[in-house]
Amino acid sequence: MKKILIANRGEIARRIIHTAHRMGIATVAVYSDPDANALHVREATQAIALGGASSADTYLRTDKLLAAARATGADAVHPGYGFLSENADVAQAVVDAGLTWIGPPPAAIRALGSKAGTKALAAVHGVPCLPGYAGDDQSDERFAQEAARIGYPAMVKAVAGGGGRGMRLVTDAAQLPAALASARSEALAGFGCGDLLIERALLQPRHVEVQIFADAHGACIHLGERDCSVQRRHQKIIEESPSPAVGAALRERMGACAVALAQAVGYVGAGTVEFLLDGNDGDDAATSQAAKDPRPATAGAPSPASAGAPFFLMEMNTRLQVEHPVTEALTGLDLVAWQIRIARGEPLPITQSQVDLQGHAIEVRLCAEDAHFRPHTGSVLHFSAPAATAFERAAQGALRFDHALEEGAEVSPHYDAMLGKLIVHAPTRAEAIDALVRALNATRVLGLPTNRAFLAACLQHPAFRGGQALVPFLAEHAAGLQDLLLKEELLALVPCAVAAIFASNSPTPASASLPCSLARPLRLRHQGTVLPLSVRELGAGRLQVERAQPASASPGSMETITTTTTVQLTPQPGGAVRATGQGGDAPVADHTVHAVPVGRLRWHWQTGGVDGWVEDASWEPAARAGAAGGATELRAPFNGKVVALPVAAGQALAAGDTVVVIESMKLEHSLACPVAATVAELLVAPGQQVAPGQVLVRFAPALPGGPA
């Protein structure tokens, strides 16, 4: 194996490139038009254009990938994850072309590529599964019958693919038709297959997966588990190992089931078997079962694990996982190097008894989305990674940041929202959490919203710190976490926002600015609310900021209270500004602010774990500046394609009714009517691409007698 073509992009392409180069193997990067200047393109030995922008025209085109391999003399293909990594036909086409496929055999992918097929295989080999239906009859009527049989709540899932796409929780029969239609649409768009299955839903589960590795000589081992319970939209955002609910006994039993499933299909390479663990039962249930049946759970005898087990099979992913660095941190192994060596026919380098799991590792996925999980596109205007030296005080903590970020990088709507992954390994779970929070607070990504601050808030939540975060964690706590972020942002807002504006507008350093006796009126819009300020430049980088606030929350009250804050701006290395604010008897607010202008009158700033967005509304009419948007129109919150428009002009809507469904970054998002209203005008059609801020629908007041 002398040259590997990497059929992927972004951080995973870079990850594979770095390992291949360390092994003395040349690499070929492929790229779409939006990725022409991407980091993975520049770091590979060679790069070749695929021509086109969307996934369907580029990274999902087998013919283009094989042509690129022929043109560059590549003798192997690594698919990474996502895209074509679990497509058995693609794996077969690579093998038929005389190339080495760095992944499982096509037959194994085919056997395990369908959730329905995997569950049928699991039943034969004693791997526990939830009751459900995955038959050929895909009619709504049949699903209704099966849902009634297995009972609600039920989970609808796409048979193909993964990543949370095509999954819908259904709590009663009335929700089933809409869930089936939505899941089919998303599955068809994401995987080219709209087939579904339905199974009984666990409402308080953990999502725990087991990493396995097999060679072509019949050996198969597992490398422990990862807990992936913190998810939004059925997609993981925090992964850790070991799981807080899994000890040695349960790990052995889950590992035995995972290995048995892999060996049943002659598996070779890296794979992950995903389970649902029944709430916090964990080792208590496993220990109880072990007392009833003391026989050891081995790869050849998984049946003891399946009898009364607290875990149930979800699926098997026949590829490397996004979260594989967590396992690498615990084991000290390079799983990409293992993939390459096994693809060359080498045996596994260690046995099960030699697997040594040390310490605790946690990974978070940094995504281009806001705290409400809405994806965003745009340009990265400033980026700086946390320095490893910042973690030397942590007890032997180690930081890793897998990403494809740089200043000027474009985040497009054609691919998913993940920007990178921060991974910390430390001796204990508490140390890993603390080090990862520090890493997030020291990460700077400016120009578009990210979930950086939200991830840090999740890590510090008492439920997560206590090891009690189950799959419903975000559904139960997201609103409180979002409120917390807003409160922290408001506390830092005035000095940081003023620092951002004056520092980015000033042609000279703040310390050299001259005093000005005239106060400048400044109206800043934040979260739809306008803050009226008055700013006087005192010289030497000092600003006096006055803010008028209502003295009473009573409606109609005209009395105001003026608060005065003095802000000292001091330039810092790397383009930052230190903003020190003091107001009367108030404590000193000291912030190091990184800021960039986004457009002409809008700024994005960060300080520590806080992200802020403000607009200068000083030149707008007062009525417009004070408005929060109203309910007269619905605008697109991000780039995307309209896939459904389930309303008509003149239709009366209740607050919360779905008006438009937009597909962006491989997921469907429903936009709702904010208040009871009547549809006055539809300005878009299904299939149409829309941009952020574009008006989609206009509303009129609700008709008398319409929905409340």
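These numbers come from a predicted model, not from an experiment. (Residues numbered from 1 in each chain as written. Predicted model: local features only at pLDDT ≥ 70, side-chain atom pairs only at ≥ 80, totals over all residues. Heavy atoms only, no water.)

**Student:** Can you lay out the packing of aromatic side chains for me, pointing to particular residues and giving the numbers?
**Tutor:** Applying the stated criterion across every chain, the model contains 8 aromatic pairs. Taking 5.7 Å as the distance between ring centres and 80° as the angle between the ring planes, the aromatic pair formed by Y133 and F143 counts as edge-to-face. With Y133 in strand β6 (residues 132-133) and F143 in helix α7 (residues 140-150), this pair connects stretches of sequence that are 10 residues apart. For the pair F373 and F454, a centre-to-centre distance of 5.3 Å together with 80° between the ring planes defines the contact as edge-to-face. (Phe/Tyr/Trp six-rings, centres within 6.5 Å; stacked < 30°, edge-to-face > 60°. Helix = DSSP H or I, 4+ residues; strand = E, 2+ residues; numbered from the N terminus.)

**Student:** Can you tell me about the pattern of salt bridges, naming the residues and giving the values?
**Tutor:** Between side chains of opposite charge, a pair can form when the charged atoms approach closely. Counted according to the given criterion, the structure contains 41 salt bridges. The closest approach of N and O atoms between E146 and R149, which form a salt bridge, is 2.7 Å. One end of the pair, E146, and the other, R149, are both in helix α7, 3 residues apart, so they sit about a helical turn from each other. For E146, a relative accessible area of 9% puts it in the buried group. Relative accessible area serves as the criterion here: at 53%, R149 is assigned to the exposed category. Linking E615 and R525 is a salt bridge whose minimum nitrogen-to-oxygen distance equals 3.5 Å. (Salt bridge = Lys/Arg side-chain N within 4 Å of Asp/Glu carboxyl O. Buried < 20%, exposed > 50% of the residue type's maximum accessible area, 1.4 Å probe, protein only.)

**Student:** So, helix α1 (residues 10-22): which residues are in play, and what are the values?
**Tutor:** A rise of 1.5 Å per residue sets the reference length of α1, with its 13 residues, at 18 Å; its end C-alpha atoms lie 19 Å apart and thus fit the reference within 8%. Of all the 13 residues making up α1, 10 are buried; the element is thus mostly covered by neighbouring parts of the structure. Once α1 finishes, G24 follows within two positions and takes phi at roughly 80°, a positive value. (Expected span 1.5 Å × (residues − 1).)

**Student:** Give me the sheet that holds strand β34 (residues 667-672): which residues, what numbers.
**Tutor:** Strand order in the open sheet formed by 4 strands is β34-β33-β31-β36, and the pairing between neighbours is antiparallel. Here the strands that pair on one side only, and so sit at the sheet edges, are β34 and β36 (689-690). Note: strand β33 (residues 658-664) against β34, 6 bridges, orientation antiparallel. From the neighbouring strand, V661 faces β34, where its bridge partner is S670. (Pairing = 2+ DSSP bridges.)

**Student:** Hey, could you go over the environment of A111 for me, with residue numbers and the actual values?
**Tutor:** Along the chain, A111 turns up in helix α5 (residues 106-112). Measuring from C-alpha to C-alpha, the distance between A111 and V265 comes to 7.0 Å, with 154 residues separating the pair along the chain. Beyond its immediate chain neighbours, meaning those up to four positions away, A111 contacts G117, T118 and V265. (Contact = heavy atoms within 4.5 Å.)

**Student:** Pulling in residues and values, what's your account of the pairing of strand β23 (residues 529-539)?
**Tutor:** As defined by bridge partners, strand β22 (residues 520-526) adjoins β23 across 7 bridges and the pair is classed as antiparallel. When the bridges of β23 are listed, R520 appears paired with V535. Following β22, the chain reverses through 2 residues before pairing antiparallel with β23; Q527 in that reversal takes a positive phi of roughly 55°.

**Student:** Summarise the packing of helix α14 (residues 429-441) against helix α15 (residues 452-460); cite the residues concerned and give the values.
**Tutor:** Their axes nearest at 9 Å, the elements α14 and α15 cross at an angle of 160°. Taken together, the axis directions place α14 and α15 in an arrangement best described as roughly antiparallel. The interaxial crossing formed by α14 with α15 has left-handed handedness. Along the contact surface, α14 presents I433, L436, V437, L440 and N441, while α15 presents R452, L455, A456, L459 and Q460. (Axes fitted to C-alpha atoms, helices over the stretch in contact; angles between N-to-C directions. Parallel < 35°, antiparallel > 145°, perpendicular 65-115°, else oblique. Left-handed = near helix turned anticlockwise from the far one by under 90°.)

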